[in-house]
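# Breakdown of the fold
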Amino acid sequence: MWVNIDFCLIPLGEGVSISPFIAICQKIIEQSGLNYELGPSGTSIEGDWSDVFECVKACHEALHE
């Protein structure tokens with residue numbers, strides 16, 4: 001199943017700038033090979049359901065390390 005999601009992951013309690021967290025997720029998304037576009041309030045990710053949500057899971061896990 002093909003999906004298109006708007007992904008926004010905000011680490012709470014980490015201050016005002018979330019640039020370092022966006023950079024971590026952007027690397028993971030790039031490595032996944034999925035189509036994506038960064039936006040002002042989130043990132044649009046498009047691809048197969050399982051690939052997209054595996055990517056989201058990887059981003060979430062990376063930010064919790």
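Conventions adopted
Residues numbered from 1 in each chain as written. Predicted model: local features only at pLDDT ≥ 70, side-chain atom pairs only at ≥ 80, totals over all residues. Heavy atoms only, no water. Helix = DSSP H or I, 4+ residues; strand = E, 2+ residues; numbered from the N terminus. Expected span 1.5 Å × (residues − 1). Buried < 20%, exposed > 50% of the residue type's maximum accessible area, 1.4 Å probe, protein only. Arc of directions from axis to C-beta. Contact = heavy atoms within 4.5 Å. Pairing = 2+ DSSP bridges. Axes fitted to C-alpha atoms, helices over the stretch in contact; angles between N-to-C directions. Polar contact = N/O pair within 3.5 Å; in protein donor to acceptor, adjacent residues only side chain to side chain. Phe/Tyr/Trp six-rings, centres within 6.5 Å; stacked < 30°, edge-to-face > 60°.

### Some words on helix H1 (residues 19-32)
Helix length check: H1 (14 residues) gives 20 Å between terminal C-alpha atoms against 20 Å at 1.5 Å per residue, within 8%. Among the residues of H1, Phe21, Cys25, Ile28 and Ile29 are the ones counted as buried. For H1, the angular spread of the buried residues around the axis is 100°, confining them to a single face. Exposed positions of H1 whose direction lies more than 90 degrees from the buried face are Lys27 and Gln31. Lining the buried residues of H1 we find strand S1 (2-7), strand S2 (35-38), strand S3 (43-48) and helix H2 (49-63). Note on H1: the residue one or two positions beyond its end, Gly33, has a positive phi of about 80°.

### Details of the sheet that holds S2
Taken in spatial order, the 3 strands line up as S1-S3-S2 in an open sheet, and their pairing is antiparallel. Pairing within the sheet leaves two strands with one partner each, and these edge strands are S1 and S2. Strand after strand, the sheet turns through a mean of 15° between neighbouring axes, direction not considered. In this sheet, S3 lies alongside S1 in antiparallel orientation, the contact comprising 6 bridges. Residue Trp2 lies in a different strand from S3, and its bridge partner there is Asp48.

### Focus on the environment of Asn4
Its location among the elements puts Asn4 in strand S1. Spatially, the C-alpha atom of Asn4 lies 19 Å from that of Lys27, the residues being 23 residues apart in sequence. Those residues in contact with Asn4 that sit more than four places away from it in its chain are Ser44, Ile45 and Glu46. In this structure the side chain of Asn4 is engaged in a polar contact, spanning 3.0 Å, whose partner is the side chain of Ser44.

### Some words on the packing of aromatic side chains
What describes a pair of aromatic rings is the distance from one ring centre to the other and the angle between the planes of the rings. Tallied over the entire structure, the rule returns 1 aromatic pair. Residues Trp49 and Phe53 carry aromatic rings whose centres are separated by 4.5 Å and whose planes lie at 45° to one another, so their mutual orientation is tilted. One end of the pair is Trp49 and the other is Phe53, both in helix H2 and 4 residues apart, which spans about a single turn. Residue classification places Trp49 among the partly exposed residues on the basis of a relative accessible area of 46%. The exposure class of Phe53 is partly exposed, given its relative accessible area of 33%.

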